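# What the coordinates show
This is what each chain is made of:
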Amino acid sequence: MWERPVRPLVTSLSQAQIGIAYFVATLVVMFSGMPIAFALGVVALVFMLLFMPSASVDTIAQNFYEELANVIILAIPLFILKGAAIGRSNAGKDLYSALHAWLHRIPGGLGVANTTACGLFAAMAGSSPATCSAIGSAGIPEMRQRGYSGGFAAGIIAAGGTLGILLPPSVTMLLYAVAAEVSLGKLFLAGIGPGLLLITLFALYSVLRYRKEFAVAQTVAAETGVRSALLAEEHYTLGQKLRMIAWVAPFVSILAGVMVVLYAGWATPSETAGVGAVLALIVIGAMYGIWRPSKLMPIVTGTLRESTMLLMIIGMSLLYAYVMSYLHISQAMAAWVIGLSLSKWVLLAAILLFVIVLGFFLPPVSIILMTAPIVLPPLKAAGFDLIWFGVVMTIVMEMGLIHPPVGLNIFVIKNIAPDIPLSDIIWGTMPFVVLMFLAVIICCLFPGLVTWLPSVMIK
């Protein structure tokens, strides 16, 4: 067996050269097509072997375990279980149907109903892909059947699905709270105001876009006599509306109960996630008959698969950040950024642009864990509230879920509605990217939209 020397194998490179080599190696490995978790792990391991003493290499397993042994991270698989339980039931379809019944008289009410359903389901499930799948599988066919264009319908669901990482409980925010060492409770509360703002902006756009498509349909009907399904009218009785609400109420009660338990201080975030998961399993068992092992196994196996993948990414990202910190790459980068003496808003704009570029290639989890050691010290030195920045950064990362080339939600929608051309889906999401950018500007101009609720609820 080869005995590694006590000292690092390579000692002739400067810190700047090591830093450049670290980031170049990361890009090369990621563009090779290797899964993100293993790409980060390989880069970290190679640089540990080359530039760190042998004693530090021997602690890889210990570091990996200690990072994942954080009790807050335990909430992740429990939140995923809750989301999988709700997502694999007909809760999304029932939620959408209830909202549509109550909002159908509003111009573009179907689009507004889908947007609102995405927001509520995102808060219940805490997952963007689950929200897209659950609401989109019912909402997209219904919208197209009623005359909505494919791109418009796809854009509403894809953008609404992004709310899963902003509205609590959010796995992405949970990881940011760990990386930034801020209060998870305050961060969850801070996301509610901007989340409602985005729902409102999406709904307003849906109304305006509907009016445009409705006017075109009227013109075509007047000229050719061909009436679009968009011009048809629907009617629901009060009894039908109330019955639909009765099917949705238990899931909304779970959401309210989890939030009350968390913010009343009766349970930790991990315990709250466990309570939510158990309640979700009980409700889907009672309402939809999902209690037999044959029906529960897909939920459990899906949770295990997604949790394992996510925890591997988290563990490897934290190991990657540990190596970057040990080699003083992150500290040097932060000091260099501070040394530029940029104004606070130019600094913020540069960092958010950096996050947008990373969003072309990486999921939010990796972006947070990889960039936190570099960007948070300069932002803190510039006087920014890290909880406020966490919310703004989350909105920016939401854009990455609906713009190419990665655009996870785009491909979820394509899987739900394979007959809609990918180009139509992409163009359908672009107006919502602009609305998210507008939301970021509003949060910068009126930071109280983010900070007011946590300051009032948690002293």
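None of the values given here were measured: they were computed from a predicted structure.

## Let's talk about the overall build of the protein chain
When helices and strands are tallied, the protein chain shows 22 helices and zero strands. Here the C-alpha radius of gyration of the protein chain, 24 Å, is about what a compact globule of 459 residues would show, namely 23 Å. Seen along its three principal axes, the alpha-carbon backbone of the protein chain occupies a region of about 80 × 50 × 45 Å. By residue count, 51% of the 459 residues in the protein chain fall in the buried class.

## With respect to the packing of helix α8 (residues 128–145) against helix α20 (residues 408–416)
At a closest axis distance of 9 Å, the pairing of α8 and α20 adopts a crossing angle of 35°. Relative to α20, the crossing made by α8 is right-handed. Within the contact between the two elements, α8 uses Ser-128, Pro-129, Cys-132, Ser-133, Gly-136, Ser-137 and Ile-140 and α20 uses Leu-408, Asn-409, Val-412, Ile-413 and Ile-416. For the contact of α8 with α20, the class distribution of residues is seven nonpolar, five polar and no charged.

## With respect to the pattern of salt bridges
Note on pairing: side chains with opposite charge can pair once their charged atoms come close. Evaluation of the coordinates by the stated rule reveals two salt bridges. In this structure, Arg-209 engages Glu-213 in a salt bridge whose closest nitrogen and oxygen atoms are separated by 3.2 Å. Of this pair, Arg-209 and Glu-213 both sit in helix α12 (residues 192–224), four residues apart, which is roughly one turn of that helix. Of the residues examined, Arg-209 reaches a relative accessible area of 23% and is grouped as partly exposed.

## Brief notes about the packing of helix α1 (residues 15–31) against helix α2 (residues 36–51)
Contact geometry for α1 and α2: axes closest at 9 Å, N-to-C directions at 145°. α1 and α2 meet at a crossing whose hand is right-handed. Within the contact between the two elements, α1 uses Ile-18, Ala-21, Tyr-22, Ala-25, Thr-26, Val-29 and Met-30 and α2 uses Ile-36, Ala-39, Leu-40, Val-43, Ala-44, Phe-47 and Phe-51.

## Here we look at the packing of aromatic side chains
Evaluation of the coordinates by the stated rule reveals 13 aromatic pairs. With a centroid separation of 6.3 Å and 50° between ring planes, the pair formed by Tyr-322 and Tyr-326 is classed as tilted. Of this pair, Tyr-322 and Tyr-326 both sit in helix α15 (residues 293–326), four residues apart, roughly one helical turn. Put simply, the rings of Tyr-148, Phe-152, Phe-202, Tyr-205, Tyr-210 and Phe-432 pair up and form one aromatic cluster.

## So, the nonpolar core
Ranked by size, the top nonpolar core spans 150 residues in total, and within it Tyr-22, Ile-76, Phe-121, Tyr-176, Phe-251, Ile-314 and Phe-389 carry the most contacts. Per element, the largest residue contribution to this core is eleven residues, and it comes from helix α19 (residues 386–400). Sequence-distant contacts of Phe-121, defined by excluding residues within four places in its chain, comprise Ile-86, Gly-87, Ala-91, Gly-92, Leu-95, Gly-126, Ala-130, Thr-131, Ala-134 and Ile-135.

## Focus on a nonpolar patch on the surface
Nonpolar side chains collect at one region of the surface, where Phe-437, Leu-438, Ile-441, Leu-445, Phe-446 and Leu-449 lie side by side and expose about 570 Å² of accessible area between them. Here the element with the most residues in the nonpolar patch is helix α21 (residues 422–445); it accounts for four residues. With respect to the helices and strands, the residue Leu-445 is situated in helix α21. Given a relative accessible area of 60%, Leu-445 falls into the exposed group.

## Some words on helix α6 (residues 91–103)
Taking 1.5 Å of rise per residue, 13 residues should cover 18 Å, and α6 covers 18 Å from first to last C-alpha, within 8% of that figure. Of the positions making up α6, those classed as buried are Ala-91, Gly-92, Leu-95, Tyr-96, Ala-98, Leu-99, His-100, Ala-101 and Leu-103. Here the buried face of α6 lies against α5 (75–87), α7 (109–125), α8, α13 (238–263) and α14 (269–288).

## Details of the side chain of Ser-206
Looking at the secondary structure, you find Ser-206 in helix α12. At a separation of 2.9 Å, a polar atom in the side chain of Ser-206 contacts the main-chain carbonyl oxygen of Phe-202. Setting aside anything within four residues of it in sequence, one finds Ser-206 in contact with Gly-111, Val-112, Thr-115, Phe-152 and Ile-156.

## Brief notes about the side chain of Thr-26
Following the sequence through the fold, Thr-26 ends up in helix α1. Thr-26 gets classed as buried once you look at its relative accessible area, which sits at 5%.

## Description of the state of the cysteines
Considering all chains together, one arrives at zero disulfides under this definition. Between Cys-118, a free cysteine, and Cys-132, which holds the nearest cysteine sulfur, the sulfur-to-sulfur gap is 6.6 Å. Residue classification places Cys-118 among the buried residues on the basis of a relative accessible area of 0%. The closest cysteine sulfur to the non-disulfide-bonded Cys-443 is located on Cys-444, 7.0 Å from its own sulfur.

## Re the environment of Ile-313
Following the sequence through the fold, Ile-313 ends up in helix α15. On the basis of relative accessible area, Ile-313 is assigned to the buried category, the value being 9%. Taking the C-alpha atoms as reference points, Ile-313 and Met-34, separated by 279 residues in sequence, lie 12 Å from one another. In this structure Ile-313 touches Ala-37, Val-365 and Ser-366, once residues within four positions along its chain are discounted.

## A closer look at the environment of Thr-162
Relative to the assigned elements, Thr-162 resides in the loop between α9 (150–161) and α10 (171–180). Judged by relative accessible area, Thr-162 falls into the buried class, the value being 0%. Along the backbone, Thr-162 and Trp-102 are 60 residues apart, and their C-alpha atoms lie at a distance of 24 Å. Not counting the four nearest positions on each side in its chain, Thr-162 is found in contact with Ser-128, Glu-398, Leu-401, Ile-402, Asn-409 and Met-436. Within the local environment of Thr-162, its side chain forms a polar contact with the backbone oxygen of Ala-159, the two atoms lying 2.5 Å apart.

The rules we used
Residues numbered from 1 in each chain as written. Predicted model: local features only at pLDDT ≥ 70, side-chain atom pairs only at ≥ 80, totals over all residues. Heavy atoms only, no water. Helix = DSSP H or I, 4+ residues; strand = E, 2+ residues; numbered from the N terminus. Rg over C-alpha atoms; globule rule 2.2 N^0.38 Å. Buried < 20%, exposed > 50% of the residue type's maximum accessible area, 1.4 Å probe, protein only. Axes fitted to C-alpha atoms, helices over the stretch in contact; angles between N-to-C directions. Left-handed = near helix turned anticlockwise from the far one by under 90°. Contact = heavy atoms within 4.5 Å. Nonpolar A, V, L, I, M, F, W, Y, C, P; charged D, E, K, R; others polar. Salt bridge = Lys/Arg side-chain N within 4 Å of Asp/Glu carboxyl O. Phe/Tyr/Trp six-rings, centres within 6.5 Å; stacked < 30°, edge-to-face > 60°. Core = buried A, V, L, I, M, F, W, Y, C linked by side-chain atoms within 4.5 Å. Patch = residues over 30% accessible without salt bridge, like charges linked within 9 Å, V, L, I, M, F, W, Y side chains within 5 Å. Areas by Shrake-Rupley, 256 points an atom, 1.4 Å probe, with all protein chains shown as cover. Expected span 1.5 Å × (residues − 1). Polar contact = N/O pair within 3.5 Å; in protein donor to acceptor, adjacent residues only side chain to side chain. Disulfide = S-S within 2.5 Å.

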